[in-house]
Amino acid sequence: MTSSFDFAPLFPAGLPAPSARWTGLAKYSFVGGNNDSEQVPLDELIEAANLALQREGRSLATYGLAHGPQGYLPLREFLVSKLKRDAGINCTVDDLLIVSGSLQALDLVNNTLLARGDTVIFEQDSYQGSLNRLARLGVNVAGIPLDADGMRMDVLATTLADLKSRGIRPKYIYTIPTVQNPTGSIMPESRRAELVRLAAEYGVPIFEDDCYADLIWNGERPPALYAMAQGEGVIHIGSFSKSVAPALRVGYIIARWEILSRILPLKTDAGSGALEQMVLGEFCPAHFEAHVPKLRAGLRAKLVTLMEALAEQFGTAAEFDDPPGGIYLWVKLPDNVDTQELAQAALAEGIAINPGPEWATDRAYGKSRMRLCFANPSHQAIRDGIAALAGVCHRKFGVPVRMANVARG
Ligand SMILES: Cc1ncc(COP(=O)(O)O)c(C=O)c1O
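Because the structure is a prediction, the values reported are computed rather than measured.

## Digging into the overall build of the protein
Then comes step 1: The secondary structure content of the protein amounts to 11 helices and 16 strands.
Then comes step 2: Taking 22 Å as the expected radius of gyration for a compact globule of 409 residues, we find that the protein reaches 22 Å, a close match to that expectation.
Then comes step 3: For the C-alpha atoms alone, the extent of the protein along its principal axes is close to 65 × 60 × 60 Å.
Then comes step 4: Burial status across the protein gives 53% buried among its 409 residues.

Shown next, in the form of structure tokens:
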């Protein structure tokens with residue numbers, strides 16, 4: 001139904017473009033950060049919901065469950081001990097703010113630190129959700145290339161020096177150091193130490209986004225940057241989206257009070273959803289440690305299926321590294337492939353992929369790259385979807401020349 005009331009003259013300048021209507025997931029969906037539905041620990045979550053609601057459900061009558069604006073206390077207590085054990089972080093429940101997914105953390109930190117015209121430092125290949133936000137805020141981005149060990153410190157050093165010589169103090173260095181999105185790299189401890197040193201030398205805070213740290217195949221997680229800097233000049237964010245389920249919308253910020261106390265007034269939703277915090281607060285101490293290795297094994301198996309399907313269907317036309325964890329494969333196709341055009345043509349045939357330009361500070365660099373999320377589709381859907389994608393790619397760009405070892409006409 002069309003409306004006769006015209007809102008358009010009322011919109012303030014700078015509003016984002018209108019949303020497209022949701023038309024459902026593609027038949028073969030390799031987009032977004034969705035998780036494996038088979039791996040949602042359903043029985044344990046049902047049990048946790050029952051236990052938590054029976055014990056303290058009546059506290060739902062009070063905003064924030066009467067635990068204050070920083071979130072449900074047992075969940076914060078779990079995070080304090082988990083992050084001490086796994087990431088070496090020494091913090092207390094008072095250093096933690098529970099948020100509605102780490103996307104809210106990104107907004108809160110940006111709103112606390114950034115103004116139009118500011119400069120931030122990013123990894124050249126990075127998370128679309130973080131990059132989008134900067135475009136909207138009118139912030140300049142300096143992209144630092146990565147290698148197999150993450151952000152390159154030689155380029156960071158020259159960039160910091162160059163910005164300083166031009167009188168520019170970047171507002172933060174944003175990094176996804178542990179299973180980087182989209183490359184999958186893990187920054188080793190020695191490079192982390194160099195990053196902490198450089199950031200301190202130039203007086204630039206580090207913004208550490210660490211939501212994939214539980215998904216390392218061998219479970220060996222380096223210490224968090226927050227831990228290595230003893231919290232000095234570092235804001236750390238994390239999430240339960242990748243380790244439990246993204247629809248729960250539970251993430252967190254860890255920061256010293258001098259910055260957390262400036263972030264907190266910007267969280268104006270009177271607290272994140274309490275039920276999911278209560279369920280996680282009950283589930284995690286009892287089941288998190290047993291759940292994560294099962295999740296990892298299932299994800300690793302799907303990655304193997306994806307890499308085999310790509311090798312079979314694309315052969316040498318698809319280049320990628322075998323990532324040490326996570327839910328994504330970052331694939332380089334031949335230079336003549338424009339993955340934005342490929343994504344459009346593929347979507348028309350029911351295959352959804354993330355085109356590289358949206359995941360890079362330099363759109364031209366991302367032109368023939370694509371990001372594939374392998375966590376959500378079944379093994380069969382991965383095989384069928386990649387075969388279908390190779391067909392679309394061949395018709396549009398003439399590559400791959402051979403598919404499933406059969407020459408294409
Ligand atoms: C690097 C990174 N940060 C933040 C997010 C947002 O996650 P959520 O809001 O679900 O916690 C994602 C999601 O894919 C991500 O990849």
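## Looking at the site of the ligand
Then comes step 1: Lining the immediate surroundings of the ligand are 15 residues, of which S102, D209, Y212, S239 and S241 lie closest.
Then comes step 2: Between an oxygen atom of the ligand and a side-chain N or O atom of Y212, the distance comes to 2.5 Å.
Then comes step 3: For the ligand, an oxygen atom lies 2.6 Å from a polar atom in the side chain of S239.
Then comes step 4: Within the complex, 96% of the 400 Å² of free accessible area of the ligand lies under protein.
Then comes step 5: Looking at the shell around the ligand, the element that brings in the most residues is helix α3 (residues 101-113), giving three residues.
Then comes step 6: A per-class count over the shell around the ligand returns seven nonpolar, five polar and three charged.

## Things to note about helix α4 (residues 128-137)
Then comes step 1: Among all positions in α4, only G129, S130, L131, R133 and L134 are buried.
Then comes step 2: Tucked into the core, α4 has its buried residues touching α3, β3 (119-123), β4 (140-144), β7 (173-175) and β8 (206-209).
Then comes step 3: With its phi angle positive at about 70°, G138 sits one or two positions after the end of α4.

## Examining the nonpolar core
Then comes step 1: With 67 residues, the main nonpolar core has I253, L310, F314, L342, L372, I386 and L389 as its most contacted residues.
Then comes step 2: Not counting the four nearest positions on each side in its chain, L310 is found in contact with G315, A318, F320, L329, V331, L372 and I386.
Then comes step 3: Grouped together as the second largest cluster of nonpolar side chains are 54 residues, L45, L96, F288 and V292 included.

## Comments concerning the sheet that holds strand β13 (residues 354-355)
Then comes step 1: Strands sit in the order β11-β14-β13 across an open sheet of three strands; the sheet is antiparallel. Looking at which strands have only one partner, the edges of the open sheet turn out to be β11 (328-332) and β13.
Then comes step 2: Here β13 runs beside strand β14 (residues 369-373); their pairing, made up of two bridges, is antiparallel. Paired with N354 across the bridge in β14 is R371.
Then comes step 3: Lying over the sheet, helix α9 (residues 274-314) contacts β11 and β14, oriented at roughly 20° with respect to β11.

## Looking at the packing of aromatic side chains
Where two aromatic rings form a pair, the distance of their centres and the angle of their planes describe that pair.
Then comes step 1: Summed over all chains, the structure comprises nine aromatic pairs.
Then comes step 2: Between the aromatic rings of Y174 and F207, the centroid separation amounts to 5.4 Å while the plane-to-plane angle is 75°, which identifies the pairing as edge-to-face. With Y174 in strand β7 and F207 in strand β8, this pair connects stretches of sequence that are 33 residues apart. For the pair Y174 and F207, a shared accessibility class is recorded, and that class is buried.
Then comes step 3: Ring centres of F240 and F288 lie 6.4 Å apart, and the angle between their planes is 90°; on these two criteria the pair is classed as edge-to-face. Taken together, the residues span a long stretch of sequence, with F240 in the loop between β9 (234-239) and β10 (251-254) and F288 in helix α9 at a distance of 48 residues. Comparing F240 with F288 shows no difference in burial state: the two are buried.
Then comes step 4: By the ring-pair criterion, three or more aromatic residues cluster together here, those being F78, F240, Y252 and F288.
Then comes step 5: Above the ring of Y365, the side-chain terminus of R369 is found at 4.1 Å from the ring centroid.
Then comes step 6: For R371, the ring lying beneath its charged end belongs to Y328, and the centroid distance is 3.7 Å.

## Details of the pattern of salt bridges
In a structure, side chains of opposite charge can pair up when their charged atoms sit close to one another.
Then comes step 1: In this structure the tally under the stated criterion is 20 salt bridges.
Then comes step 2: A salt bridge links D86 to K82, with the nearest nitrogen and oxygen atoms 3.2 Å apart. In this pair, D86 and K82 both sit in helix α2 (residues 73-87), four residues apart, roughly one turn of the helix.
Then comes step 3: Bridged by salt links that share partners, the residues K82, R85, D86, D214 and E289 form one connected network.

## Some remarks on the pairing of strand β2 (residues 96-99)
Then comes step 1: What you see with β2 is no split at all: L96 and I98 on one side and L97 and V99 on the other are buried throughout.
Then comes step 2: Bridging between β2 and β10 involves four bridges; their strand directions are antiparallel. Across the sheet, the residue bridging to L96 is I254, located in β10.

The rules we used
Residues numbered from 1 in each chain as written. Predicted model: local features only at pLDDT ≥ 70, side-chain atom pairs only at ≥ 80, totals over all residues. Heavy atoms only, no water. Helix = DSSP H or I, 4+ residues; strand = E, 2+ residues; numbered from the N terminus. Rg over C-alpha atoms; globule rule 2.2 N^0.38 Å. Buried < 20%, exposed > 50% of the residue type's maximum accessible area, 1.4 Å probe, protein only. Near = heavy atom within 4 Å. Polar contact = N/O pair within 3.5 Å; in protein donor to acceptor, adjacent residues only side chain to side chain. Areas by Shrake-Rupley, 256 points an atom, 1.4 Å probe, with all protein chains shown as cover. Nonpolar A, V, L, I, M, F, W, Y, C, P; charged D, E, K, R; others polar. Contact = heavy atoms within 4.5 Å. Core = buried A, V, L, I, M, F, W, Y, C linked by side-chain atoms within 4.5 Å. Pairing = 2+ DSSP bridges. Axes fitted to C-alpha atoms, helices over the stretch in contact; angles between N-to-C directions. Phe/Tyr/Trp six-rings, centres within 6.5 Å; stacked < 30°, edge-to-face > 60°. Lys NZ or Arg CZ within 6 Å of the ring centre and 35° of its normal. Salt bridge = Lys/Arg side-chain N within 4 Å of Asp/Glu carboxyl O.

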